[in-house]
Amino acid sequence: MLEIRTPSDGFHVAVPEQDFLTADEFLGWMSTQQERFELVDGRIFRMMTGAKQSHNVVTANIVATLLPQARSGGCRTTSSDTAVRTGPATVRYPDVVVDCGPSDPDALEASPPTLVVEVASPETSAIDATDKLDEYRAHGDLRLILFVDPDVMSVKLYRRGGDGRWDVERYGDRAMVVGLPEIGASLALGDIYATLDPSPRPRLRLVEEPNSR
């Protein structure tokens, strides 16, 4: 075993002493850990802790809203501790996962996941919108990818169509409802942001050129 040190707080963690871990090796190792990590291209990264209250409230609101709806269709809704394998050596832990595959109480990962939700934070928003999005869209089973900003009323949904192409839907008003028929559910923005007072989504404005003389 090898100990690695995280630069943020000096936390040490024992990891298998090899340069490259497969997803299977990582998931087996993770089953013995107390802290949260992700595997990216064979390398272990410690996940950020201490999320803001708005992040936690939005995550809890989404789980509470989706859980009874998805359950009626045989799907399970979980938060943060359900792994999604996005490559042979990459494992992510989305903020919310809806898994509609066969139930397996001993499973270490969602199989197959239908919906993943990433709630933005200052530390992860750039990665969520680039690397994770690319990985999720390449996943053979995922049909819905939801990105939520907890501090600004802004929700973006990527939906895979029957032809395999992804369409993008944007929502920015508390009265709007995100339809999720793929899991037999819907998600109102009023429910996502319940008890919170997020800023309105910025709107683009045309800049008028000064009158020329």
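In this report, the structure presented in the accompanying data block is examined. (Residues numbered from 1 in each chain as written. Predicted model: local features only at pLDDT ≥ 70, side-chain atom pairs only at ≥ 80, totals over all residues. Heavy atoms only, no water.)

## Overview of the overall build of the protein chain
So, step 1. Regarding its fold elements, the protein chain presents 4 helices and 14 strands.
So, step 2. Here the protein chain holds 213 residues, and the buried ones make up 43% of them.
So, step 3. Counting contacts in the protein chain only where the partners sit at least 6 residues apart, residues at least 24 apart contribute 48% of the total.
So, step 4. Of the roughly 12100 Å² that the protein chain leaves accessible, carbon and sulfur atoms contribute 50%. (Helix = DSSP H or I, 4+ residues; strand = E, 2+ residues; numbered from the N terminus. Buried < 20%, exposed > 50% of the residue type's maximum accessible area, 1.4 Å probe, protein only. Contact = heavy atoms within 4.5 Å. Areas by Shrake-Rupley, 256 points an atom, 1.4 Å probe, with all protein chains shown as cover.)

## A word on the pairing of strand β13 (residues 177-180)
So, step 1. The side-chain alternation of β13 yields one buried face, formed by V178 and L180, and one unburied face, formed by V177 and G179.
So, step 2. Of the pairings in the sheet, the one linking β13 to strand β14 (residues 185-188) comprises 4 bridges and is antiparallel in character. In the sheet register, V178 faces β14, and the bridge partner there is L187.
So, step 3. With antiparallel pairing between neighbouring strands as the criterion, β13 and β14 make up a hairpin whose turn holds 4 residues, including G184 at a positive phi of roughly 65 degrees. (Pairing = 2+ DSSP bridges.)

## Examining the state of the cysteines
So, step 1. For the structure on display, the rule yields 1 disulfide.
So, step 2. Disulfide pairing is shown between C75 and C100; the S-S distance is 2.0 Å. Given an S-S torsion of about 105 degrees, the disulfide between C75 and C100 has right-handed geometry. Remark: C100 occurs in the loop between β8 (96-99) and β9 (113-119) and C75 occurs in the loop between α2 (53-72) and β5 (76-79); sequence separation between them is 25 residues.
So, step 3. Under the relative-accessibility criterion, C100 is labelled partly exposed at 29%. (Disulfide = S-S within 2.5 Å.)

## A look at unusual backbone geometry
So, step 1. Note that the residue after S111, namely P112, is joined by a cis bond; omega there is -10 degrees.
So, step 2. Mapped onto the elements, P112 comes out in the loop between β8 and β9.
So, step 3. Despite not being glycine, D41 shows a phi value in the positive range, around 50 degrees.
So, step 4. In this structure D41 comes out as exposed when scored by relative accessible area, which is 58%.
So, step 5. The backbone phi angle of T195 is positive, close to 75 degrees, even though this residue is not glycine.

## Some details on the pattern of salt bridges
So, step 1. Applying the stated criterion to the full structure yields 13 salt bridges.
So, step 2. Residue E169 pairs with R159 through a salt bridge whose shortest N-O separation is 2.7 Å. Taken together, the residues E169 in strand β12 (residues 166-171) and R159 in strand β11 (residues 154-160) connect sequence positions 10 residues apart.
So, step 3. Taken together, the shared-partner salt bridges in this structure form one network comprising E38, R92, E118, K132 and E135. (Salt bridge = Lys/Arg side-chain N within 4 Å of Asp/Glu carboxyl O.)

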